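# Breakdown of the fold
Below, each chain spelled out in residue letters.
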Amino acid sequence: MTTITNLLVANRGEIARRVFRTCRELGIATTAVHSDPDAGAPHVREADAAVRLPGAAPADTYLRGELIVRAALAAGADAVHPGYGFLSESAEFARAVLDAGLVWVGPPPAAIAAMGSKTAAKRLMAAAGVPVLGALDEPAEADLPVLVKAAAGGGGRGMRVVRDLADLPAEIEAARAEAAKAFGSDEVFCERYLPGRHVEVQLLADAHGTVWAVGDRDCSLQRRHQKVIEEAPAPGLPAGVRAELHTAAVNAARAIGYVGAGTAEFLLTEDGRFFFLEMNTRLQVEHPVTEAVTGLDLVALQLAVAEGEELPSAAPPPTAGHAIEARLYAEDPAKDWQPATGTLYRLELDSEHTEFGNGAVRLDSGVEPGSEITPHYDAMLAKVIVRAPTRAAAARRLADVLARARIHGPATNRELLVRALRHPAFLAAHLHTGFLAEHAAELTAPDARSAGRAALAAALAEAAARRTALPSGWRNLPSQPQSRRYRAADGEELEVRYRRTRAGLETDGHGDVELVDATADLVVLREGAVQRPYAVARYGDRVHVDTPTGSTALTALPRFPDPTVRTDPGALLAPMPGTVLRTAAAVGDTVTAGQPLLVLEAMKMEHRVTAPADGILAELRVAPGEQVELGTLLAVVKSTEPA
């Protein structure tokens with residue numbers, strides 16, 4: 001038996017804070033590590049001690065195992081928890097921790113190594129009797145579509161769906177480059193891409209022979225092969241299929257002598273067959289939904305197992321109720337999931353929706369008001385988790401909590417989450433990994449009416465802030481028309497024209513709207529018999545308008561555009577800060593609309609910059625390895641169409 005007294009979390013953000021919370025409850029001291037951009041991050045302030053990892057890029061900081069071991073020893077830590085991502089599935093790092101005389105809060109290095117290569121893992125699982133999808137050595141037309149996957153990692157990196165054999169060589173090379181950068185190995189393989197659900201089983205095993213299958217989860221709602229909405233238990237599984245999944249997961253764990261928390265992931269086809277995908281030898285991002293329906297603290301159990309304790313019973317507790325988790329990302333789903341950076345001014349749920357633990361609603365976040373969202377790390381801001389007696393109740397509650405949340409700063413996927421949770425197909429549990437792509441038009445369509453009302457409220461709030469001490473609405477003479485311009489999130493420009501008279505509010509294009517009240521931060525409008533409040537917050541030229549049913553972000557535009565500011569029609573500006581990974585065309589090439597011209601890396605993902613129209617690539621202003629800021633001129637495409 002070992003007693004952990006000081007735990008270093010070899011990670012950052014939300015998962016570091018999550019582990020620290022349990023440590024405080026158990027009386028364990030905590031040590032954080034941080035890169036330079038994270039020096040003022042919440043996880044650093046919440047730890048009892050913090051050690052700097054000089055640099056910004058993950059390769060120079062959180063992926064430097066020797067620096068982290070040195071930090072643990074310097075701070076007097078006696079154990080290391082890897083969190084998820086970064087080095088959490090590195091057998092080499094686990095060995096280094098153990099060799100330093102520290103407790104490793106994770107599975108044995110041999111078990112990590114066994115699952116470290118997906119190709120080797122498939123062979124092991126097949127030998128253990130677990131159904132697997134075989135790798136394709138030379139994919140043929142009959143195998144299409146195929147999925148190119150990185151052998152050494154997951155999280156959507158190094159993965160490509162290929163539907164045309166002619167595209168396969170280029171996609172394999174792109175996947176190799178992405179995998180090498182993310183995982184240090186460029187090994188990739190191909191397998192058939194089957195439609196179906198992503199279902200996984202939470203595992204927990206001790207060193208005394210007990211292995212728990214702690215329920216299951218459905219994680220089918222994904223974008224770019226990364227999960228967005230997860231839930232427990234997986235809905236609609238026949239009892240027989242559920243039992244077989246749990247048995248297969250336990251067999252997988254026993255086959256490699258697994259100890260600690262882990263997850264066996266499966267593809268479940270429409271006809272009820274399932275196939276092993278991979279085993280994540282760590283705690284999953286979505287572990288809170290399992291905690292919510294079982295009452296367990298999985299981090300506390302991880303620590304107990306690492307100290308040598310037995311699991312408290314031969315079988316895990318049964319599940320009760322239903323839990324759904326939504327991942328709030330700093331990104332714009334309507335713009336091909338383009339990541340967003342900048343200052344997060346506000347992240348706030350209603351006051352009754354902030355409790356931690358297994359209550360109705362839980363917020364797990366690595367950021368706080370004032371946090372700077374940078375391109376260096378994953379785009380996830382927070383996880384919002386709801387538990388309710390039924391799945392329908394959980395979905396309704398979570399959608400409402402997200403709709404009412406005040407999230408001010410970079411663009412987020414909040415509206416997509418709300419619409420997905422309310423979508424009839426989701427509520428009917430018609431789930432599959434292509435759900436978000438199939439319903440993309442409905443989930444990302446702009447709401448012009450809401451944007452127009454929000455712009456009107458923003459203009460009235462701004463006018464109220466400038467108002468003198470005269471009574472509201474009082475004029476000696478009829479007021480002159482006022483106008484204000486805003487840009488909506490979809491790029492549309494909105495012009496608000498209104499006039500306040502003794503008879504009330506007159507507007508252009510807003511129908512019969514009555515102004516009930518207006519202050520600098522709250523506008524109340526009435527349309528017919530319906531009265532609605534609009535809370536308005538402004539940060540520079542950024543305006544956020546919140547209502548009980550949703551939120552709108554606007555950019556206030558100058559009253560008179562600067563005639564000297566002009567962008568050529570074919571100019572391609574960087575849509576985000578990032579690093580140029582590679583170029584896909586040369587100056588002088590003839591290009592077609594939508595053709596990739598270069599690839600940027602930001603927030604651990606690759607993003608293609610494509611030609612806006614047919615033409616000639618006249619200028620290419622950047623080179624691979626170059627860091628670019630938002631709005632940097634990357635390239636210019638000259639149209640070949642006659643003027």
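My aim in this report is to walk through the structure given alongside it, one point at a time.

Criteria and thresholds
Residues numbered from 1 in each chain as written. Predicted model: local features only at pLDDT ≥ 70, side-chain atom pairs only at ≥ 80, totals over all residues. Heavy atoms only, no water. Helix = DSSP H or I, 4+ residues; strand = E, 2+ residues; numbered from the N terminus. Polar contact = N/O pair within 3.5 Å; in protein donor to acceptor, adjacent residues only side chain to side chain. Contact = heavy atoms within 4.5 Å. Axes fitted to C-alpha atoms, helices over the stretch in contact; angles between N-to-C directions. Parallel < 35°, antiparallel > 145°, perpendicular 65-115°, else oblique. Left-handed = near helix turned anticlockwise from the far one by under 90°. Nonpolar A, V, L, I, M, F, W, Y, C, P; charged D, E, K, R; others polar. Salt bridge = Lys/Arg side-chain N within 4 Å of Asp/Glu carboxyl O. Buried < 20%, exposed > 50% of the residue type's maximum accessible area, 1.4 Å probe, protein only. Expected span 1.5 Å × (residues − 1). Phe/Tyr/Trp six-rings, centres within 6.5 Å; stacked < 30°, edge-to-face > 60°.

Position of Thr294 among the secondary structure elements: in helix α9 (residues 287–294). Of note is the side chain of Thr294, whose polar atom sits 2.7 Å from the backbone oxygen of Thr290. Among residues more than four places away in sequence, those in contact with Thr294 are Val214, Pro317, Pro318 and Thr319.

Between helix α1 (residues 13–26) and helix α10 (residues 298–306), whose axes approach to 9 Å, the crossing angle comes to 65°. If you check the angle between α1 and α10, you find them roughly perpendicular. By crossing handedness, the relation of α1 to α10 is classed as right-handed. Contacts between α1 and α10 involve Arg18, Val19, Thr22, Cys23 and Leu26 on the former and, on the latter, Leu298, Val299, Ala300 and Leu303. Its residues placed into classes, the contact of α1 with α10 shows seven nonpolar, one polar and one charged.

This brings us to the pattern of salt bridges. Inspection of every chain in the model, using the stated rule, returns 47 salt bridges. Taking the shortest distance from any N to any O, the salt bridge between Glu291 and Arg18 comes out at 2.8 Å. With Glu291 in helix α9 and Arg18 in helix α1, the pair connects residues that are 273 residues apart, well separated along the chain. Residue Glu291 is classed as buried on the basis of its relative accessible area of 1%. Measuring nitrogen to oxygen at the nearest pair gives 2.7 Å for the salt bridge that ties Asp216 to Arg242. Of this pair, Asp216 sits in strand β10 (residues 211–223) while Arg242 sits in helix α8 (residues 239–255), and the two are 26 residues apart along the sequence. Overall, Asp216 belongs to the buried group, its relative accessible area being 3%. Under the relative-accessibility criterion, Arg242 is labelled partly exposed at 21%.

Moving on: α8. Relative to the 24 Å expected for 17 residues at 1.5 Å per residue, α8 spans 24 Å between its end C-alpha atoms, a close match to the ideal helical length. Considered for burial, the residues of α8 that qualify are Val241, Leu245, His246, Ala248, Ala249, Val250, Ala252 and Ala253. Residues of α8 that are buried sit in contact with α6 (118–127), β9 (197–205), β10, β12 (260–268) and β13 (274–280). Trailing α8 by a residue or two, Gly257 shows a phi angle of about 60°, which is positive.

Time to look at the packing of aromatic side chains. One pass over the structure, following the stated rule, counts six aromatic pairs. Taking 5.6 Å as the distance between ring centres and 90° as the angle between the ring planes, the aromatic pair formed by Phe93 and Trp104 counts as edge-to-face. Of this pair, Phe93 sits in helix α4 (residues 91–99) while Trp104 is found in strand β5 (residues 103–104), placing the two residues 11 residues apart along the sequence. Both residues of the pair, Phe93 and Trp104, belong to the buried class.

As far as function goes, none of this settles anything; it's purely spatial.
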